[in-house]
Amino acid sequence: MTVDHAPPDTSAPPHAPAPTPPAGPALEKVVALASRGSRLRSVPRWLRRTVGPVTLLVLWQVLSASGALSPDTLASPGTVARAGADLIGDGTLPSAMGISLQRVAVGLLIGGVAGIVLALASGLSRLGEDLIDATVQMLRTVPWVGLIPLFIIWLGIGEAPKVALIALGVAFHLYLNVYAGIRGVDAQLVEAGQALGLGRWGLVRHVVLPGALPGAMTGLRYSLATAWLALVFGESINADAGIGFLMNQAREFFRTDVIVVCLVVYAFLGLLADAVVRTLERLLLQWRPTFTGQ
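Residues numbered from 1 in each chain as written. Predicted model: local features only at pLDDT ≥ 70, side-chain atom pairs only at ≥ 80, totals over all residues. Heavy atoms only, no water.

## As for the overall build of the protein chain
Then, in step 1: Broken down by element type, the protein chain carries 13 helices and zero strands.
Then, in step 2: When the helices and strands of the protein chain are read in sequence order from the N terminus, they spell out α-α-α-α-α-α-α-α-α-α-α-α-α.
Then, in step 3: Counting only residues that meet the buried cut, the protein chain has 32% of its 294 residues in that class.
Then, in step 4: Nonlocal contacts in the protein chain, meaning residues at least 24 apart in sequence, comprise 71% of its contacts between residues at least 6 apart.
Then, in step 5: Put simply, the protein chain shows about 19,700 Å² of open surface, and 67% of that area lies on carbon and sulfur atoms. (Helix = DSSP H or I, 4+ residues; strand = E, 2+ residues; numbered from the N terminus. Buried < 20%, exposed > 50% of the residue type's maximum accessible area, 1.4 Å probe, protein only. Contact = heavy atoms within 4.5 Å. Areas by Shrake-Rupley, 256 points an atom, 1.4 Å probe, with all protein chains shown as cover.)

Structure representation (structure tokens):
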């Protein structure tokens, strides 16, 4: 049996070009969004953070120089700077800062210890929560500034009511954040610790407290801000020394330059305290990766 093979087709040219694919849409070069702000990010961060305050200072100076802002309403930056230099030169401002810092430190210590102890007792135990949490939640809704008259009646007009006001504001913030941090610990981590043989105090030390530490740091930052606010209210009533006392004296003589100096000192001390807490966060929370912006 023979098989006939068809002869090859020689009608097509031996080197025919391949068919051309249909033309598609033109491709554009993709530029990463991150590279668009590379020029701004090349500027040192400390310089970028000064843009807002410097702009506000320049605007303030322009309004004062043009007469749009009356000196009786708000002194110019130059007048404020001279007043600050005079207060520093005669020792008035450093002495007032020392007294105010002492009040804040004592109030922060007392309120911090009280808030943390109550939060530990309430967060680690259901019995403690039943006995403590409802009372604290009820008291924290009371405006603590409104307690100043009672503090004066109970504690007199010395240092005690001022320190008590600071301690009260600090305690509530630390309690809420530490308590929320303890109760926010992942239950699976607790189960894993129990599986590894950790007892109750081992779980508290190695699992619960490290897990609650971010909340405690947040509470500390809020507490410091509240401490300075409470200090302003405390020193505005029956104070014979401190930054608030300087502000009261300046108010009586319409010295807006001295008032602004005291406000700047309050702001500077608050920023310094916040920087200290940020440093503690970086040291104590190195194990926690966080988003820092793009």
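## Re the pattern of salt bridges
Then, in step 1: Inspection of every chain in the model, using the stated rule, returns six salt bridges.
Then, in step 2: The salt bridge involving Arg221 is made with Asp274; its shortest N-O contact spans 2.9 Å. Here Asp274 lies in helix H13 (residues 256-284) and Arg221 lies in helix H11 (residues 200-235), a separation of 53 residues in the sequence.
Then, in step 3: One salt bridge connects Arg255 with Asp257, and the closest N-O pair in it is separated by 3.0 Å.
Then, in step 4: For Asp257, a relative accessible area of 8% corresponds to the buried category. (Salt bridge = Lys/Arg side-chain N within 4 Å of Asp/Glu carboxyl O.)

## Digging into the layout of surface pockets
Then, in step 1: A volume near 690 Å³ is recorded for the largest pocket.
Then, in step 2: Secondary structure elements with two or more residues in the lining of the largest pocket: helix H4 (51-66), helix H5 (77-89) and H13.
Then, in step 3: With nine residues, the single largest contributor to the lining of the largest pocket is H13. (1 Å grid on protein atoms, 1.4 Å probe; cavity = no way out; pocket = protein on both sides within 12 Å on 5 of 7 lines; lining within 4 Å. Points joined across faces, edges and corners; volume = space filled by probe spheres on them.)

## Some details on empty space enclosed by the protein
Then, in step 1: In this structure the tally under the stated criterion is one cavity of 30 Å³ or more.
Then, in step 2: Each pocket or cavity is described by its volume, and for the largest cavity that value is around 80 Å³.
Then, in step 3: Around the largest cavity, the lining residues are Ile148, Phe151, Ile152, Pro161, Lys162, Leu165, Gly234, Ile237 and Asn238.
Then, in step 4: Within the residue set of the lining of the largest cavity, elements represented by two or more residues are helix H8 (148-155) and helix H9 (159-183).
Then, in step 5: Looking at the lining of the largest cavity, its residues break down into six nonpolar, two polar and one charged. (Nonpolar A, V, L, I, M, F, W, Y, C, P; charged D, E, K, R; others polar.)

## Structural notes on the side chain of Ser64
Then, in step 1: You can see Ser64 is positioned in helix H4.
Then, in step 2: With residues up to four places along the chain from it excluded, the contact list for Ser64 reads Leu69, Ser76 and Pro77.

## Remarks on the packing of helix H6 (residues 92-124) against H13
Then, in step 1: Interaxial distance between H6 and H13 falls to 12 Å at its minimum, and their mutual angle equals 45°. As summarised for this structure, H6 and H13 are arranged oblique, according to the angle between their axes. Pair H6 / H13 crosses with right-handed handedness. Along the contact surface, H6 presents Leu93, Met97 and Leu101, while H13 presents Val261, Val265 and Leu269.
Then, in step 2: Taken together, the residues that form the contact of H6 with H13 break down as six nonpolar, no polar and no charged. (Axes fitted to C-alpha atoms, helices over the stretch in contact; angles between N-to-C directions. Parallel < 35°, antiparallel > 145°, perpendicular 65-115°, else oblique. Left-handed = near helix turned anticlockwise from the far one by under 90°.)

## Here we look at the nonpolar core
Then, in step 1: The biggest cluster of nonpolar side chains holds 52 residues, and the ones touching the most others in it are Ile166, Trp228, Ile243 and Val261.
Then, in step 2: Broken down by element, the residue count for this core peaks at twelve residues, all from H11.
Then, in step 3: Setting aside chain neighbours within four positions, we find Trp228 in contact with Leu101, Val104, Tyr266, Leu269, Gly270 and Ala273. (Core = buried A, V, L, I, M, F, W, Y, C linked by side-chain atoms within 4.5 Å.)

## Remarks on the confidence of the model for the protein chain
Then, in step 1: Of the residues in the protein chain, 83% reach a pLDDT of 70 or more, and the chain-wide mean stands at 80.
Then, in step 2: The lowest-confidence element of the protein chain is helix H1 (residues 33-36), averaging 49 in pLDDT; the highest-confidence one is H6, averaging 91. (pLDDT = per-residue confidence, 0-100.)

## Considerations on the packing of aromatic side chains
Centre distance and the angle of the planes are the two values used to describe a pair of aromatic rings.
Then, in step 1: All chains considered together, the criterion is met by two aromatic pairs.
Then, in step 2: Plain terms: the ring middles of Tyr175 and Tyr179 are 5.8 Å apart, the flat faces sit at 10° to each other, and that makes the pair stacked. With a gap of four residues between them, Tyr175 and Tyr179 both fall in helix H9, about one helical turn apart. (Phe/Tyr/Trp six-rings, centres within 6.5 Å; stacked < 30°, edge-to-face > 60°.)

## A word on the side chain of Ser122
Then, in step 1: Within the secondary structure layout, Ser122 lies in helix H6.
Then, in step 2: Beyond its immediate stretch of four places on either side in the chain, Ser122 contacts Gly128, Glu129, Ile132, Asp133, Tyr175, Tyr179 and Arg183.

## Focus on a nonpolar patch on the surface
Then, in step 1: Residues Phe268, Leu272, Val276, Leu280, Leu283 and Leu284 make up a contiguous nonpolar surface patch of roughly 560 Å² in combined accessible area.
Then, in step 2: Tracing the backbone through its elements, the reader meets Phe268 in helix H13. (Patch = residues over 30% accessible without salt bridge, like charges linked within 9 Å, V, L, I, M, F, W, Y side chains within 5 Å.)

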